[in-house]
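Chain by chain, the residues:
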Amino acid sequence: MTALSKRVLKRCQALGFTPPHIVDLNQFGTVAGQGLRDFIAKHHHGTMAWLAETETRRNHPQNLWAEARSAIVLGLNYGPETDPLVTLTQKEKATISVYARNRDYHDIIKGRLKELGGLIAQDTHEDIKVFVDTAPLMEKPLAAMSGLGWQGKHTNLVNRDYGSWLFLGVILSAAPLTPTPPEIDHCGTCRGCLDICPTDAFPAPYQLDARKCISYLTIEHKGAVDEDLRVKMGNRIYGCDDCLAVCPWNKFAQEASEIKLKARPDLEAPDLAALASLSDAEFRTHFSGSPIKRIGRTQFIRNVLYAIGNSARPDLINAAVQHSDAADAVVREAAKWAIERLKS
Ligand code: B12
Ligand code: SF4
Ligand code: SF4
């Protein structure tokens, strides 16, 4: 087993990452893969067919890359400056989850991981591969096993210094690196995240039924959202942070130092009426470089219309009326639903 060199550790810090944590992949075991299998067997992945399609490769990093011996796990802090729950009561405003209030983190992390990976490859004379989010890799179990934190009852990684606000990135290496010890679970008897979830998306602690999660409903789910769930979405139009924000471990969290991850002032609490009026071109310009651009204007307007329907603000009826004749049937139905709710 070899240790990472001093220059890798220094560069890691300079790039804004947490210190690197390491997993010996020969010790990864089958527990996480079994959790993934259970999740898929229960259809908790909903319409994210890509999770089921990649299950075999995803359930062990060596199924993705047989030569991999170590995983180097890195976190990037995106801690918010303000309480993300505050805008939930401002009904004429939209709530955008913290991670989407500025630049797409994939674009920020990927280049930095590649740079670090290049240094690790030079030092160890072994191949590396770099992953952020999009590859079939179970980043949270890897991060927990590496000791970067533990998977809290909301299933995300919690870190003692940064709370819930860490993006994860992983570098796989063919070199046998010295592993760091795993972190223990510090949730104790707390159940803050389970109790705050507006849609009751946790069938049990440490398990999420993504089909009920507002993050899934606003970002991943195409088509109409069931009415019983859409009323619970409130004014959340992209992602959800409730279970993360309530975690007591956030009291140690620090604000993001990366400027591209600090909230854009115009995305902290934008007016629903202004968002509903964005043309296709305006939508693309407004959300250029933002993860929100990925869902496209049609789904974005659907989400905004549900928030308008939940606003109890009759002065927003006109913002919905402009979409009554939309070409897209889901948007048309969302507009009709919002108008009827506001009239009643
Ligand atoms: C698919 C996905 C989603 C889905 C599903 C979320 C989920 N919990 O699986 C949706 C769209 C809902 C989602 C939402 C969010 N996501 Co997301 N997502 C992913 C992705 C791409 C894969 C996650 C995955 O593998 N899920 C499959 C499940 C089975 O894995 P798991 O959550 O680890 O589940 C474990 C346990 O639940 C347990 N288990 C499951 N079933 C059972 C049954 C039994 C009986 C037992 C005992 C255990 C058990 O075993 C599993 C394996 O250990 C990862 C990136 C990646 N490649 O890892 C990002 C990732 C997890 N997402 C991330 C973020 C930031 C979010 C949001 C906060 C965004 C937002 N603000 O809206 C929310 C949080 C919602 C939540 N409470 O989880 C970050 C989390 C960072 C962190 N600190 O943990 C990641 C790691 C992306 C990144 N690179 O930073 N996400
Ligand atoms: S992100 Fe929101 S909807 Fe999803 S599990 Fe957490 S609190 Fe529930
Ligand atoms: S809110 Fe409580 S139960 Fe949930 S992750 Fe944080 S410490 Fe664990």
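Our structure is the block above this text.
Within each chain, residues carry numbers counting from 1 in the order of the written sequence. All chains are assigned letters beginning with A, and all ligands numbers beginning with 1, in the order in which they are written. Reporting of local features is limited, given that this is a predicted model, to residues whose pLDDT is at least 70; pairs of side-chain atoms are given and counted only at 80 or more, and all residues count toward the totals for whole chains, interfaces and linings. The side-chain values count all of the structure's non-hydrogen atoms but skip hydrogen atoms and water molecules.

**Q** What's the story with the environment of W150 in this structure? I'm lost.
**A** Only runs of H or I of at least four residues qualify as helices and only runs of E of at least two qualify as strands under DSSP, and these elements are numbered from the N terminus. Along the chain, the position of W150 falls in strand 5 (residues 150-151). Between the C-alpha atom of W150 and that of D104, which follows or precedes it by 46 residues, the distance is 25 Å. W150 has contacts with A144, N156, L157, V158, N159, R160, E183, I184, D185, H186, C187 and W249, leaving out every residue within four places of it along the chain. For this analysis, residues touch if any pair of their heavy atoms sits within 4.5 Å.

**Q** Please explain the packing of helix 1 (residues 6-14) against helix 6 (residues 105-124) as it appears in this structure.
**A** When two helices pack together, their arrangement is given by the angle between the helix axes and by the axis-to-axis distance. Where helix 1 meets helix 6, the axes come as close as 10 Å, and the angle between the chain directions of the two elements is 175°. Put simply, helix 1 runs roughly antiparallel to helix 6. Facing helix 1, whose interface residues are R7, V8, R11 and C12, helix 6 presents E115, L116, L119, I120, Q122 and D123. Residues that form the contact of helix 1 with helix 6 fall into these classes: five nonpolar, one polar and four charged. Orientation is described by axes fitted as lines to C-alpha atoms, over the contacting stretch for helices, and by angles from 0 to 180 degrees between their N-to-C directions. For classification, angles of less than 35 degrees are called roughly parallel, those exceeding 145 degrees roughly antiparallel, those between 65 and 115 degrees roughly perpendicular, and all remaining angles oblique. Under the convention adopted here, Pro, Cys and the residues Ala, Val, Leu, Ile, Met, Phe, Trp and Tyr are nonpolar, Asp, Glu, Lys and Arg are charged, and Gly plus all remaining residues are polar.

**Q** Explanation requested: the site of ligand 2 in the structure shown.
**A** Around ligand 2, the neighbouring residues are C197, P198, T199, F202, L208, C213, I214, C240, D242 and C243. Its residues assigned to classes, the shell around ligand 2 comprises eight nonpolar, one polar and one charged. Any residue with a heavy atom lying within 4 Å of a molecule or strand is counted as near it.

**Q** Teacher, can you tell me more about the pattern of salt bridges here?
**A** For side chains bearing opposite charge, pairing can occur when the charged atoms are close. The working definition used for a salt bridge is a side-chain nitrogen of Lys or Arg within 4 Å of a carboxyl oxygen of Asp or Glu. Scanning all chains against the criterion turns up 16 salt bridges. For the salt bridge of R294 with D104, the shortest nitrogen-to-oxygen distance reads 2.8 Å. Placement of R294 in the loop between helix 13 (280-286) and helix 14 (296-309) and of D104 in the loop between strand 3 (95-96) and helix 6 is noted, with a sequence separation of 190 residues between them. R294 gets classed as exposed once you look at its relative accessible area, which sits at 54%. Each residue is placed in one exposure class: buried if its accessible area under a 1.4 Å probe, protein chains only, is under 20% of its type's maximum, exposed if it is over 50%, and partly exposed if it falls in between. On the basis of relative accessible area, D104 is assigned to the buried category, the value being 4%. Residue D195 is joined to R191 by a salt bridge in which the shortest nitrogen-to-oxygen separation is 2.8 Å. By relative accessible area, which is 52% here, D195 ends up exposed. By sharing partners, the salt bridges in this structure join E92, R313 and D315 into a single network.

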